[in-house]
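Architecture and fold: a report
Now for the letters of each chain:
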Amino acid sequence: MIPDWMNEKDTYVPPKKGGAYLYKTMRSMGLIMSRITIQTGSEGKINIPAKWKIIVLLLSIIAISVTNNKTVLLFFAAATLLIIALKPPEVINRIVKNAFASGIIASIFLLPAFVTNPVGRMNNLLVLIKVMLSISLVSIFNHSTQWNHITRGLRCLHVPTVFVFILDITLKYIYVLGNFINEMLTAHVMRAVGKNKDKYGSIGGIMGVTFIRGNELNKAMYEAMVCRGFTDDYKGL
Amino acid sequence: MAFIELKDITFAYDEGENVLSGFNLLIEEGECVFVRGDNGSGKSTLFRILTGISYPASGIYKFDGEEINKKYLKDNRNSKLFHKRVGYLFQNPDIMLFSNTVFDDVAFGPRQIGLGDKEVLARTEDILKTFDIEELRDKAPYHLSGGQKKKVALAAVFALNPEVILLDEPLAGLDKKGRGWLVEFLKEVKSSGKTLIIATHSDEIEAELDGRVCEL
């Protein structure tokens, strides 16, 4: 029943090279995605409704964006720092990391203007501060509000149902699909024991299967929701 | 010296309780071991350690005399040789199939180990025939039924001709005929001298294969 070659051991000497930069990158990506935990927003003892948080966040970002008044910016910076200081150390770490990452990206974009236009350097600096402040506020919001409360808040603000539904499903499935990619890559590494001549084909395959899986999960969840009385009017939780 | 040796293995997921604590296991070459336990008892974790996917927090894992740890598997050559020798059937076959056709998925392993085109073709066709999935060869794996996916995933594992085969719930998703066939197939695999480690809740496979039970 089993083929003859299965009765013998293969004499296999793996090549020294052929480790995959792309696999490592995708594996890291999968790990990062799987670390995105949903429902981690700790709302603390004072429970402010999400819709008010969204309104304050939007108004603050608009105010920070349009203002040229340094006192207003200083006020927002002080308020942001105060809120951050009240958070647990690991949350402070994440918020500060996000703020600095956005600052670095903004600096790269602003670098040509900074070099070529010495007169406008102060304005460039203001843009940088505005970006970092806005991202810090979004991070604070993210870490202090649960996803289901965000979607409920958006519904209260009369954001279209379809938008809220898609946002909700997307947020939940980033985690699920991240884990799926991670598992697929692990299974792939288990069989990638030599030099892969069709590296891009394999990666394309993994991405394709993930896309199909995402579609299947989406469809299955929609059907499960319909079975539980969902009538296309998404109310959130 | 045992072929596979786990000594005082402790493992916990991020800041959680220990899934495995002071776990010991010795497996000889050609042996068949059934890993049993309730849901969440650590069967899949044990398999992840045995396949070098996860590393224990403490304890020693030796495979054929070599200590398998992060440092050892960081070497590209060691990692490839180890994964060539240890095959793993995941519980969910979906994650194992990524090629456009069943043939390509099964041939992925033989192509990796540098066999010539003729040998790859012969080995893949042998396996497709053995698993009775020849008619699926040009089909896309994600369009198959659960049982067919399981068979293709099994075929993909065996196409690499590993010395140790870890099977996580191999009978799940298979119909009665498929289960009977797989048990017979595994009997032959065992008699060929390969080491089998099987996580299962099924008495059917235990009754047919002569093996030892490891309760978690």
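The paragraphs below set out a description of the structure included in this document. (Residues numbered from 1 in each chain as written. Chains lettered and ligands numbered in written order. Predicted model: local features only at pLDDT ≥ 70, side-chain atom pairs only at ≥ 80, totals over all residues. Heavy atoms only, no water.)

**Digging into the overall build of chain B**
Regarding its fold elements, chain B presents 8 helices and 9 strands. Computed over the C-alpha atoms, the radius of gyration of chain B is 17 Å, within 12% of the 17 Å expected from 2.2 N^0.38 for a compact globule of 216 residues. C-alpha atoms of chain B, sized along the principal axes, occupy 45 × 40 × 35 Å. By the burial criterion, 57% of the 216 residues in chain B qualify as buried. When the accessible surface of chain B is totalled, it reaches about 9400 Å², and 44% of it is carbon and sulfur. Across chain B, 28 positive and 36 negative side-chain charges occur, with their mean positions spaced 4 Å apart. (Helix = DSSP H or I, 4+ residues; strand = E, 2+ residues; numbered from the N terminus. Rg over C-alpha atoms; globule rule 2.2 N^0.38 Å. Buried < 20%, exposed > 50% of the residue type's maximum accessible area, 1.4 Å probe, protein only. Areas by Shrake-Rupley, 256 points an atom, 1.4 Å probe, with all protein chains shown as cover. Lys, Arg positive; Asp, Glu negative; His and termini not counted. Charge placed at Lys NZ, Arg CZ, Asp CG, Glu CD.)

**Focus: the overall build of chain A**
Helix and strand counts for chain A come out as 8 helices and 0 strands. If you list the helices and strands of chain A from N to C, you get α-α-α-α-α-α-α-α. Counting over 237 residues, chain A shows a buried share of 37%. Considering only residue pairs separated by 6 or more positions, chain A has 82% of its internal contacts joining residues 24 or more positions apart. Split by element, the accessible area of chain A, about 14500 Å² in all, is 68% carbon and sulfur. (Contact = heavy atoms within 4.5 Å.)

**Re the packing of helix 2 (residues 50-66) of chain A against helix 5 (residues 121-144) of chain A**
All names here are of chain A. Their axes nearest at 9 Å, the elements helix 2 and helix 5 cross at an angle of 175°. The angle between helix 2 and helix 5 falls in the class roughly antiparallel. Along its contact with helix 2, which presents Lys53, Ile54, Leu57, Ser60, Ile61, Ile64, Ser65 and Val66, the element helix 5 presents Lys130, Leu133, Ser134, Leu137, Val138, Phe141 and Ser144. Class assignment of the residues belonging to the contact of helix 2 with helix 5 gives a composition of 9 nonpolar, 4 polar and 2 charged. (Axes fitted to C-alpha atoms, helices over the stretch in contact; angles between N-to-C directions. Parallel < 35°, antiparallel > 145°, perpendicular 65-115°, else oblique. Nonpolar A, V, L, I, M, F, W, Y, C, P; charged D, E, K, R; others polar.)

**Points about the pairing of strand 7 (residues 164-168) of chain B**
All names here are of chain B. Counting buried positions along strand 7 gives 5 out of 5 residues, so the element sits mostly inside the fold. Here strand 7 shows no split at all, with Val164, Leu166 and Asp168 on one side and Ile165 and Leu167 on the other all buried. Across 4 bridges, strand 6 (residues 86-89) lies against strand 7 in parallel orientation. For valine 86, the partnering residue across the bridge sits in strand 7 and is valine 164. Here strand 7 runs beside strand 8 (residues 195-199); their pairing, made up of 5 bridges, is parallel. Its bridge partner being in strand 8, valine 164 is matched across the sheet by threonine 195. (Pairing = 2+ DSSP bridges.)

**Focus on a positive patch on the surface**
Taken together, the side chains of Lys16, Lys17 and Lys195 of chain A together with Arg77 of chain B present a region of like positive charge at the surface. Mapped onto the secondary structure, lysine 17 of chain A falls in the segment before helix 1 (21-35). Judged by its relative accessible area of 68%, lysine 17 of chain A is exposed. (Patch = residues over 30% accessible without salt bridge, like charges linked within 9 Å, V, L, I, M, F, W, Y side chains within 5 Å. Salt bridge = Lys/Arg side-chain N within 4 Å of Asp/Glu carboxyl O.)

**What to know about the packing of helix 4 (residues 89-116) of chain A against helix 5 of chain A**
Residues and elements named next belong to chain A. Viewed as axis vectors pointing N to C, helix 4 and helix 5 meet at an angle of 155°, and their least axial separation amounts to 8 Å. The orientation of helix 4 relative to helix 5 falls into the category roughly antiparallel. The handedness of the crossing between helix 4 and helix 5 comes out as right-handed. Taken together, the residues of the contact of helix 4 with helix 5 break down into 15 nonpolar, 8 polar and 2 charged. (Left-handed = near helix turned anticlockwise from the far one by under 90°.)

**Considering a nonpolar patch on the surface**
Residue and element names in this part refer to chain A. A cluster of nonpolar side chains, namely Leu111, Phe114, Val115, Met122, Leu125 and Ile129, defines an oily patch on the protein surface of about 540 Å² accessible area. Mapped onto the nonpolar patch, the elements with two or more residues apiece are helix 4 and helix 5. With respect to the helices, strands and loops of the structure, isoleucine 129 is situated in helix 5. Look at isoleucine 129 and you get partly exposed, because its relative accessible area is 38%.

**Comments concerning the packing of aromatic side chains**
Taken as a whole and assessed by the stated rule, the structure comprises 12 aromatic pairs over all chains. Joined through ring pairs, the aromatic side chains of Phe3, Tyr61, Phe63 and Phe82 of chain B make up one cluster. In this structure, arginine 121 of chain A is placed above the aromatic ring of phenylalanine 114 of chain A, and the distance from its NZ or CZ to the ring centre is 5.1 Å. Across the ring face of tryptophan 181 of chain B, the terminal group of lysine 151 of chain B is positioned such that the distance to the ring centre comes to 5.0 Å. (Phe/Tyr/Trp six-rings, centres within 6.5 Å; stacked < 30°, edge-to-face > 60°. Lys NZ or Arg CZ within 6 Å of the ring centre and 35° of its normal.)

**Description of the environment of threonine 67 of chain A**
Residue and element names in this part refer to chain A. Residue placement: threonine 67 occurs in the loop between helix 2 and helix 3 (70-85). Overall, threonine 67 belongs to the buried group, its relative accessible area being 12%. Taking the C-alpha atoms as reference points, threonine 67 and isoleucine 203, 136 residues apart in sequence, are found 46 Å from one another. If near-sequence neighbours (up to four positions away) are discounted, threonine 67 is found in contact with Val72, Leu73 and Lys130.

**Brief notes about the nonpolar core**
Grouped together as the largest cluster of nonpolar side chains are 82 residues, with contacts concentrated most on Tyr61, Phe158, Phe185 and Leu186 of chain B. Non-local contacts of leucine 186 of chain B, meaning those with residues more than four positions away in its chain, are made with Phe158, Leu167, Leu196, Ile198, Ile205 and Leu209 of chain B. Core analysis: the next-biggest nonpolar cluster, separate from the first, contains 15 residues, Ile54, Ile64, Leu73 and Ile150 of chain A among them. (Core = buried A, V, L, I, M, F, W, Y, C linked by side-chain atoms within 4.5 Å.)

**A look at helix 1 (residues 43-50) of chain B**
With 7 of 8 residues buried, helix 1 of chain B is to be regarded as a mostly interior element. Looking at helix 1 of chain B, one finds that the buried residues are Lys43, Thr45, Leu46, Phe47, Arg48, Ile49 and Leu50 of chain B.

**Focus: the sheet that holds strand 5 (residues 66-67) of chain B**
Residue and element names in this part refer to chain B. Taken together, 4 strands build an open sheet; the order of strands is 2-1-4-5 and the sheet is antiparallel. The open sheet is flanked by strand 2 (18-27) and strand 5, the only strands paired with a single partner. With 2 bridges connecting them, strand 4 (residues 58-63) and strand 5 associate as antiparallel partners. Bridge pairing links phenylalanine 63 to glutamate 66 in strand 5.

**Section: the interface of chain A and chain B**
Between chain A and chain B, the contact holds 38 residues from the first and 41 residues from the second. When the buried area of chain A at its contact with chain B is split by residue, Met1, Met190 and Arg191 of chain A rank highest and sum to 23% of it. Viewed at the interface, chain B and chain A are joined by 7 salt bridges. One salt bridge in this structure joins arginine 191 of chain A and aspartate 105 of chain B, with 3.2 Å as the shortest N-O distance. Taken together, the connections running from chain A to chain B amount to 14 residue pairs in polar contact (both at pLDDT 80 or more). Where the side of chain A that touches chain B is concerned, the elements lending two or more residues are helix 7 (161-191) and helix 8 (199-227) of chain A. Element by element, the count of residues in the side of chain A that touches chain B is highest for helix 7 of chain A, at 9 residues. (Buried area = accessible area lost by both parts, 1.4 Å probe. Polar contact = N/O pair within 3.5 Å; in protein donor to acceptor, adjacent residues only side chain to side chain.)

Scope: geometric values only; no functional claims are made or implied.
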